Amino acid sequence: MAGGAFAPTSGGKEYPGKFTFRVFFTCLFAATGGLIFGYDLGISGGVTSMDVFLKDFFPDVYQKESSVKASDDQYCKFDSQILTLFTSSLYLAALVSSIGASMATRKYGRRPTMMTSGLLFAAGAIINGLAKNVVMLIVGRLFLGFGIGCANQSVPIYLSEVAPSKYRGALNMMFQLFITIGILIANSLNYAFARLIGGDMAWRLSLGGAIVPGLIILLGSYFLPDTPNSEIERGNYGRAKDLLLKLRDVDNVDEEFNDLVEASEKAKLVKHAWLNIFKRKYRPQLVFAVCIPMFQQLTGMNVIVFYAPVLFKTIGFGSNASLLSSLITGFVNMLATFASIFTVDKLGRRKLFLMGGTQMLICQVVITIAIAMKFGVSGNPGVISGTYAGAVVAFICVYVAGFAWSWGPLGWLVPSEIFPLEVRSAAQSINVSVNMIFTFVIAQIFTAMLCHLKFGLFICFAVCVVIMSIFIYKLLPETKGVPIEEMTVVWRNHPHWSKYFDEDDAQFETSKPKDIASA
């Protein structure tokens, strides 16, 4: 079944194994964990642009928005810290839960953590759908955040550990694919409910509908096995080998199994992963576990995802038209992710990072010029033609596509595959925590930044894209096709990062594993 999107690559030791339906569907069901993150990303911005929702929960914002005339400053009409807290509170909860999830993932396995994510997310959906006041909204958001933190911690690791190394990039990126599917579904429901149902039920159905993706990951995870790495980590050697034989669909997996056990034995020597991860020999990977999620948010993409309807209303679209425009960008986001799946194991991680960064930079410059020419610093656009507004949406779509096939999926793939087993769960927790911190900050301050920086906001994001592209070009080694348990060799051979490894580390990492294939 190999071919097309799943063409094999080389880059290190190659274990025997086929691309099987079992591997594909195992990864497919696990990747549905991305639905909950994507659904929330898409639903919150659409709901906060519904007049009836604003009138019920944020009357001050509604009054301010409804009183703004075309001749007034359009940049500031949604500037409200209470409104942005509704969106951003979730990501503080996700940050906290990701830390707890790292310990649960290591001690109890990846699968139970994934099930917990679905349960918590479904609970948050019920509370939000029945909300009577802002407090209930925030409490519901916190439960949603706990679920997202658990999913973002466990699912990328699960995918990287189950997938054969030569197909790992494409299979791991299904997580990002389901994030984009979740965004698209949320945008579609927002538009449909606002247009066809309207009133109080529109936003209740949008928020309460989050129970569906929550139940999907809960039930899907129930029927999945845990990863061979996790089974070995908890001492279930026989079960791990049987599972590996089924996943690889070959008669002999001794070499890969022995390497996994060796990695587990090494991991057991590390009693406190959270302390050990800051040791010098993990410094190269740790830098990327922090910088990649930070830069991923500083692209400005989540501004588009969170506040697309708000942003489109700001640049002259009506309420339903703004929801339709965000639906269009959501569709582009999903389609462009397939480009990444088809190319990541052929072109590699570095090329996609750099090509996507260039595409985003060009679009940000064009969008900045277009908004500056029409709105200036006064925020008074006058009459906006449909052609002009449509051109802005078109460039936003090209920008979204650039993110969707580069920094979007790679932001989850690369951090999940570069760490050795002994600190992998803690490292993924750091990755998720940094992602959530910057997601929270961007969500919380966007409307204020738009009000005060005007079109200059997009210049800030463009500068960040330049910096992060240089960072990738100079410091990221290529990891395509490298077995996950051999990843340290890539860093040890890098001209910049090699100084962080001493001879003892090199000898230990390249030593022959003891023969325990019959365990």
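Everything discussed here concerns the structure shown above.
Residues numbered from 1 in each chain as written. Predicted model: local features only at pLDDT ≥ 70, side-chain atom pairs only at ≥ 80, totals over all residues. Heavy atoms only, no water.

J.: Quick question: what am I supposed to make of the packing of helix H9 (residues 174-197) against helix H21 (residues 407-417) here?
T.: Packed helix pairs are specified by the crossing angle of their axes together with the interaxial distance, meaning the distance between the axes. Two numbers describe how H9 lies on H21: the axes approach to 8 Å, and their chain directions differ by 135°. The angle between H9 and H21 falls in the class oblique. As H9 packs across H21, the resulting crossing turns out to be right-handed. Residue-level inspection shows Phe175, Gln176 and Ile179 of H9 in contact with H21, the latter providing Gly408, Pro409 and Trp412. Along the lines of polarity and charge, the residues of the contact of H9 with H21 split into four nonpolar, two polar and no charged. (Axes fitted to C-alpha atoms, helices over the stretch in contact; angles between N-to-C directions. Helix = DSSP H or I, 4+ residues; strand = E, 2+ residues; numbered from the N terminus. Parallel < 35°, antiparallel > 145°, perpendicular 65-115°, else oblique. Left-handed = near helix turned anticlockwise from the far one by under 90°. Contact = heavy atoms within 4.5 Å. Nonpolar A, V, L, I, M, F, W, Y, C, P; charged D, E, K, R; others polar.)

J.: When you look at a nonpolar patch on the surface in this model, what are you seeing that I'm missing?
T.: A contiguous nonpolar surface patch, about 390 Å² in accessible area, is contributed by Leu196, Ile197, Met201 and Leu205. When contributions to the nonpolar patch are tallied by element, the ones reaching two or more residues are H9 and helix H10 (199-208). Among the structural elements, methionine 201 can be located in helix H10. A relative accessible area of 43% places methionine 201 in the partly exposed class. (Patch = residues over 30% accessible without salt bridge, like charges linked within 9 Å, V, L, I, M, F, W, Y side chains within 5 Å. Areas by Shrake-Rupley, 256 points an atom, 1.4 Å probe, with all protein chains shown as cover. Salt bridge = Lys/Arg side-chain N within 4 Å of Asp/Glu carboxyl O. Buried < 20%, exposed > 50% of the residue type's maximum accessible area, 1.4 Å probe, protein only.)

J.: Sorry if this is basic, but what is going on with the environment of arginine 248 here?
T.: Along the chain, the position of arginine 248 falls in helix H13 (residues 237-248). Along the backbone, arginine 248 and arginine 22 are 226 residues apart, and their C-alpha atoms lie at a distance of 8.8 Å. If near-sequence neighbours (up to four positions away) are discounted, arginine 248 is found in contact with Pro16, Gly17, Lys18, Val23, Glu161, Val162, Ala163, Pro164, Val253 and Glu256. Here the side chain of arginine 248 touches valine 162 through a polar contact of 2.9 Å, landing on its backbone oxygen. (Polar contact = N/O pair within 3.5 Å; in protein donor to acceptor, adjacent residues only side chain to side chain.)

J.: Please explain the nonpolar core as it appears in this structure.
T.: Buried together is how nonpolar side chains tend to be arranged in soluble globular proteins. Counting residues in each nonpolar core, the largest one holds 70 residues, and the members touching the most others are Phe288, Trp407 and Trp491. The biggest single contributor to this core is helix H23 (residues 456-475), with nine residues. Dropping the residues within four chain positions of it, tryptophan 491 is found in contact with Pro284, Gln285, Phe288, Ile418, Leu476, Pro477, Trp497, Ser498 and Phe501. Tyr91, Phe121, Ala125 and Ala163 belong to the second-largest nonpolar core, a separate cluster that totals 58 residues. (Core = buried A, V, L, I, M, F, W, Y, C linked by side-chain atoms within 4.5 Å.)

J.: Just to check I follow, could you spell out the environment of serine 98 for this structure?
T.: Mapping serine 98 onto the fold places it in helix H5 (residues 81-108). Note: C-alpha distance between serine 98 and glycine 145 (47 residues apart in sequence) is 9.5 Å. Those residues within four positions of serine 98 in sequence are excluded, and the remaining contacts are Gly149, Gln153, Ser429, Val432 and Ser433. Within polar-contact distance, the side chain of serine 98 engages the backbone oxygen of leucine 95 at 2.7 Å.

J.: Whenever I open this one, the side chain of arginine 110 confuses me. Can you help?
T.: Mapped onto the secondary structure, arginine 110 falls in helix H6 (residues 110-129). At a separation of 3.0 Å, a polar atom in the side chain of arginine 110 contacts the main-chain carbonyl oxygen of threonine 105. When residues no more than four places from it in sequence are discounted, the contact partners of arginine 110 are Thr105, Ser154, Ile157, Tyr158, Glu161, Asp226, Thr227, Ser230, Glu233, Leu421 and Ser425.

J.: Mind showing me how you'd approach the environment of phenylalanine 395 here?
T.: Within the secondary structure, phenylalanine 395 is located in helix H20 (residues 386-404). The sequence separation of phenylalanine 395 and valine 366 amounts to 29 residues, and the corresponding C-alpha distance is 7.5 Å. With near-sequence residues (within four places) excluded, phenylalanine 395 lies in contact with Cys363, Val366 and Ile367.

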